[in-house]
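Understanding the architecture of this molecule
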Amino acid sequence: MSAHSSEVKVFVRTRPTACFAQDLIEYLPDKQTVNVRHRRESRKGVVNNQMSSWSFKLDGVMHNMSQEEVYQSVAHSVVLRALEGYNGTIMCFGQTGAGKTYTMTGATESYQQRGIIPRALQEVFYEVEQRVDHTFSVFLSFLEIYNETLVDLLASIKRGRAVQGGALTIVEDPGGGVSVKGLTLHPVHNEEEAFNLLFEGEMNRIIGEHALNKNSSRSHCIFTIHIESRSRTLSDEPYVTSKLNLVDLAGSERLSKTGSEGQVQREALYINRSLSFLEQAIIALTDLRREHVPFRQSKLTHSLKDSLGGNCNTVLVANIYGEAAQIEETLSTLRFATRMKCVRTQPSINEHIDPALQVRRLQKEIQLLKQELSLHDTLANRAVVPNESLSDRQVDEIKSQVQRYLAGTLDEITIVSIRQIQEMFTQFKKAVHSPPCKFEAFEDFKLGRGSEINRILKENKGVLLERMDQLHKLTQAINSCKRDIDHMSSELQLCREQRQSQGQFVGEKGEPVLEEAELILLVGLREKKDQYRQSYEELLSTKAEVRYCQHLVDQCRIRLLTEFESWYNESFLLPEEVQTIFSEGGPIRPGLIPVDKALNLVSQTLLAEGPSAVSFYNAHNRTVQRVRNTQ
């Protein structure tokens with residue numbers, strides 16, 4: 001279904017306080033406008049008493065509102081639209097300790113103080129019971145983004161099913177949305193089961209303590225309700241799906257105010273950086289001149305890609321302090337909220353057609369069309385035309401009709417069915433089409449008619465490569481052996497020179513006595529020379545095998561190319577093109593076409609006359625060829 005453009009709805013909620021700065025923060029009676037005044041602080045001895053003021057126009061100001069009033073203002077319409085097939089996102093943004101988690105989750109120990117998520121779950125299952133004409137399937141997932149790491153807060157519960165499985169990674173869907181691969185989806189059938197999963201996930205969240213909040217969320221969390229709705233009465237009606245993202249963002253922190261150190265300080269750096277990337281993405285979305293939006297800079301912006309300017313009804317709750325000490329952070333939050341309000345989304349119903357239902361619908365439509373055709377033939381007093389696929393005999397008959405029509409022996413072809421028309425055009429195309437690219441035709445030839453010779457060529461190539469590899473190894477071994485022989489000869493010569501200079505020992509018969517080292521070298525040298533001779537003989541034998549294998553490969557390649565050229569000319573070249581080839585690029589003149597090739601050309605043009613005519617001309621062609629060879 002086509003999408004319509006919609007602005008992001010933005011609300012501001014003030015954390016209750018007994019020290020509300022009435023002289024700095026003003027809420028106008030329209031309940032949409034916030035005026036803020038701020039006096040800049042003195043710095044480096046320079047006194048600056050200048051008072052600046054700002055005015056922010058939002059969709060609603062929630063000051064001293066109950067949890068129920070907040071839900072009705074912010075989430076009620078988004079939840080109902082999700083049940084109709086629209087994606088929805090509600091997120092809380094603001095300074096640490098400003099009440100984001102309280103707004104989104106509430107106080108779990110108090111039913112009256114429950115937040116948006118529990119109330120949304122209750123409304124979903126209430127509506128499921130009321131809408132008896134549809135059947136609903138509800139799944140839940142709970143994702144945490146901690147220090148740029150994706151964590152499944154419900155992974156400890158075994159009955160969920162993972163989206164594709166494996167490590168958690170953000171992937172983009174073909175339709176432009178995003179999903180988290182490996183995140184478990186848990187089916188729920190009532191609100192109690194849903195609450196169990198919510199509280200289980202909340203217990204697994206990472207929290208920390210600093211000066212502004214004793215239970216500060218140290219991560220961003222996305223609780224998602226997945227809904228699928230199908231009609232009970234209309235089996236062929238498309239079914240709809242949607243997902244409702246309920247996002248509790250970690251709060252921005254000024255380390256000078258929170259006094260965070262160690263691990264908490266490291267977490268704060270990650271939180272501030274991801275929120276900075278979120279703000280950069282919002283600025284890019286509001287700039288119509290920019291073509292690229294940096295969603296992939298952080299896991300947070302990437303996972304919220306379709307919530308920020310995509311197929312989604314999006315609502316932002318900006319949580320602020322009402323105290324003078326936090327006025328700078330309040331201004332920063334309101335500026336972000338104003339930018340967010342300029343973002344436009346494209347919500348549309350997520351309709352899907354069940355493939356099995358689509359097949360049955362098409363089959364039924366085909367049957368009705370066949371009945372209509374049969375009725376039309378009956379009213380026109382015409383024999384019923386079969387609508388089934390053509391048989392081989394019918395295809396041959398159409399081919400014969402086309403050939404006779406082109407030859408001028410058939411004046412017209414009677415049309416009786418659409419399938420006949422389609423086959424007729426196919427035969428016309430085969431009769432007059434231009435030859436395909438030789439490269440593509442060669443690939444087809446190797447898979448078809450030339451598959452056997454191509455297989456032999458590949459086998460011969462494999463043997464050739466094996467022998468060449470063996471030849472390479474033998475060459476290396478011979479070179480290594482030759483180096484060893486040269487080295488041992490040098491060592492042996494050195495030993496002989498030393499023995500002669502120092503005087504040598506002789507045996508009883510006067511023969512020289514060799515020292516043990518010299519004897520070992522001499523024996524080793526003989527062994528190396530024997531090894532060298534054996535390897536060299538094997539090298540010569542392998543070279544002969546390589547030459548023979550290369551010869552076989554060349555022969556197979558030549559045969560493959562020759563048969564391809566013959567097949568290509570027979571299959572694709574029209575008579576005029578064949579004549580052009582025979583005339584070697586020049587004009588056709590009597591006497592220039594060889595007799596045997598001319599007879600081949602005649603036989604091709606007489607194919608329609610029957611197999612006997614072709615056999616006749618082939619035999620005559622061979623006779624002419626033999627006569628020419630004897631001259």
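Residues numbered from 1 in each chain as written. Predicted model: local features only at pLDDT ≥ 70, side-chain atom pairs only at ≥ 80, totals over all residues. Heavy atoms only, no water.

If you look the chain up in an unreviewed UniProt entry, it shows as Kinesin-like protein from Astyanax mexicanus. Database annotation for the chain, UniProt heading Subunit (unreviewed entry): "Interacts with HYDIN." What UniProt records for the chain under Sequence similarities (unreviewed entry) is the sentence "Belongs to the TRAFAC class myosin-kinesin ATPase superfamily. Kinesin family." (UniProt positions renumbered as here; feature names shortened; annotations may be inferred.)

Broken down by element type, the chain carries 18 helices and 22 strands. Evaluated residue by residue, the chain yields a buried proportion of 38% over its 631 residues. In the chain, 69% of the contacts between residues at least 6 apart in sequence involve partners at least 24 apart. (Helix = DSSP H or I, 4+ residues; strand = E, 2+ residues; numbered from the N terminus. Buried < 20%, exposed > 50% of the residue type's maximum accessible area, 1.4 Å probe, protein only. Contact = heavy atoms within 4.5 Å.)

Glancing now at the environment of E518. The residue E518 is located in helix α15 (residues 516-572) in this model. Expressed as a C-alpha distance, the spacing of E518 and L494, which sit 24 residues apart in the sequence, is 9.4 Å. Among all residues touching E518, those that are not within four sequence positions of it are L492, C495, R496 and R499.

Turning our eyes to something else, we now look at the UniProt feature "binding site: ATP" (unreviewed entry) in the chain. Following the UniProt record, the feature "binding site: ATP" (unreviewed entry) maps to G94, Q95, T96, G97, A98, G99, K100 and T101 here. Positionally, Q95 belongs in the loop between β7 (88-94) and α3 (100-104).

Bringing the sheet that holds strand β4 (residues 33-39) into the picture now. With antiparallel pairing, the three strands of this open sheet are ordered in space as β3-β4-β5. Single-partner strands in this sheet number two, and they are β3 (25-27) and β5 (51-57). Each adjacent strand pair in this sheet contributes to an overall mean axis angle of 15°, direction not counted. Pairing analysis gives three bridges linking β3 to β4, with the strands arranged antiparallel. For Y27, the partnering residue across the bridge sits in β4 and is V34. Across the face of the sheet, helix α9 (residues 327-341) comes into contact with β3, β4 and β5 while running at roughly 140° to β4. (Pairing = 2+ DSSP bridges. Axes fitted to C-alpha atoms, helices over the stretch in contact; angles between N-to-C directions.)

Of note in this structure, K31 is not a glycine but carries a positive phi near 60°. Along the chain, K31 turns up in the loop between β3 and β4. Residue class for K31 comes out exposed when judged on its relative accessible area of 58%. Backbone geometry places N147, a non-glycine residue, at a positive phi of 50°. One can find N147 in the loop between β8 (134-146) and β9 (149-152).

Attention now moves to the side chain of S242. Tracing the sequence through the fold places S242 in strand β17 (residues 239-248). At a separation of 2.6 Å, a polar atom in the side chain of S242 contacts the main-chain carbonyl oxygen of A82. Leave out the neighbours within four places in its chain, and S242 touches A82, G85, Y86, N87, I225, H226, I227 and N350. (Polar contact = N/O pair within 3.5 Å; in protein donor to acceptor, adjacent residues only side chain to side chain.)

To continue, consider the side chain of T314. With respect to the helices and strands, the residue T314 is situated in strand β18 (residues 313-320). By relative accessible area, which is 4% here, T314 ends up buried. At 2.7 Å, the side chain of T314 forms a polar contact with the backbone oxygen of S307. Contacts of T314, omitting those with residues within four sequence positions, involve V8, K9, T89, S307, M340 and T345.

So, about the pattern of salt bridges. Following the criterion strictly, the structure yields 26 salt bridges and no others. The residue R467 makes a salt bridge to E466 at a minimum N-O spacing of 3.6 Å. For R467, a relative accessible area of 22% translates into the label partly exposed. A salt bridge links E563 to R559; the nearest nitrogen and oxygen atoms lie 2.9 Å apart. Within this pair, E563 and its partner R559 are both found in helix α15, separated by four residues, close to a single helical turn. Overlapping salt bridges bring together E7, D59, K341 and R344 as one network. (Salt bridge = Lys/Arg side-chain N within 4 Å of Asp/Glu carboxyl O.)

Our focus in this paragraph is the pairing of strand β12 (residues 178-181). With burial as the criterion, only one face of β12 is covered, namely that bearing V178 and V180; the residues S179 and K181 on the opposite face remain uncovered. Of the strand pairs in this sheet, strand β11 (residues 169-172) and β12 are connected by four bridges, and their pairing is antiparallel. Across the sheet, the residue bridging to T169 is K181, located in β12. Between the antiparallel neighbours β11 and β12 lie five residues, among them G176 with a positive phi of about 105°.

Looking now at helix α1 (residues 67-74). Residues three or four positions apart in an α-helix share a direction because the helix packs 3.6 residues into each turn. Of the positions making up α1, those classed as buried are Q67, V70, Y71 and V74. Taken around the axis of α1, the buried residues stretch over an arc of 100°, which confines them to a single face. (Arc of directions from axis to C-beta.)

Let us now look at the nonpolar core. By size, the foremost hydrophobic cluster in this structure holds 45 residues, and its most contacted members are M91, L278, L308, L316 and M340. Elements represented by at least two residues in this core include exactly β2 (9-14), β4, β7, β8, β12, α7 (262-286), β18 and α9. Apart from residues lying up to four places away in sequence, L278 is in contact with F93, L249, L300, T301, L308 and F336. The next biggest cluster of nonpolar side chains, apart from the first, holds 39 residues, and it includes M62, V78, V79 and I227. (Core = buried A, V, L, I, M, F, W, Y, C linked by side-chain atoms within 4.5 Å.)

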